[in-house]
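Structural overview
Here is how the chains run, residue by residue.
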Amino acid sequence: MAEDYYYGSGGRKETTAQVRLYPGGNGIIVNEKPAEEYFSREIDLFHLKQPLVVTGMEGKFRITVRVRGGGISGQAEAIRHGIARALLVADPELR
């Protein structure tokens with residue numbers, strides 16, 4: 001049985017990110033690694049979590065991400081874009 005999730009894709013320059021938000025979980029997995037392990041700089045973690053913090057949704061989703069291309073900062077920004085789009089699918093009122 002497949003789990004229900006909200007999908008969003010994001011991009012930044014040469015980077016693309018596919019994001020899935022699974023309700024009721026916690027944590028962010030990027031390319032099969034915890035986000036804290038994948039991104040060594042705090043500023044990158046801060047950027048990718050921004051949409052969750054601003055909407056008050058931090059800790060309400062388990063997030064899985066597949067990101068390709070670009071540099072680390074561009075990847076964090078592409079993930080931020082994908083999370084924002086997936087949050088709009090989950091709750092259109094957030095617009």
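We now turn to the structure provided with this report. (Residues numbered from 1 in each chain as written. Predicted model: local features only at pLDDT ≥ 70, side-chain atom pairs only at ≥ 80, totals over all residues. Heavy atoms only, no water.)

Some words on the sheet that holds strand E5 (residues 61–68)
- Reading across the sheet, the 5 strands line up as E1-E2-E5-E3-E4 and stay open at both edges, with mixed pairing between neighbours. Each having just a single partner strand, strand E1 (6–12) and strand E4 (33–34) make up the two edges of the open sheet.
- Here strand E3 (residues 28–30) runs beside E4; their pairing, made up of 2 bridges, is antiparallel. When the sheet's bridge partners are listed, Val 30 is paired in E4 with Lys 33.
- Lying on the sheet, helix H3 (residues 72–90) is in contact with E1, strand E2 (15–23), E3 and E5; it crosses E1 at an angle near 145°. (Pairing = 2+ DSSP bridges. Helix = DSSP H or I, 4+ residues; strand = E, 2+ residues; numbered from the N terminus. Contact = heavy atoms within 4.5 Å. Axes fitted to C-alpha atoms, helices over the stretch in contact; angles between N-to-C directions.)

Brief notes about the environment of Thr 64
- The residue Thr 64 is located in strand E5 in this model.
- A relative accessible area of 23% places Thr 64 in the partly exposed class.
- When the C-alpha atoms of Thr 64 and Leu 21 are compared, they prove to be 6.8 Å apart, with 43 residues separating the residues in sequence.
- Residues within four places of Thr 64 in sequence aside, it is in contact with Gln 18, Val 19, Arg 20, Tyr 22 and Ile 29. (Buried < 20%, exposed > 50% of the residue type's maximum accessible area, 1.4 Å probe, protein only.)

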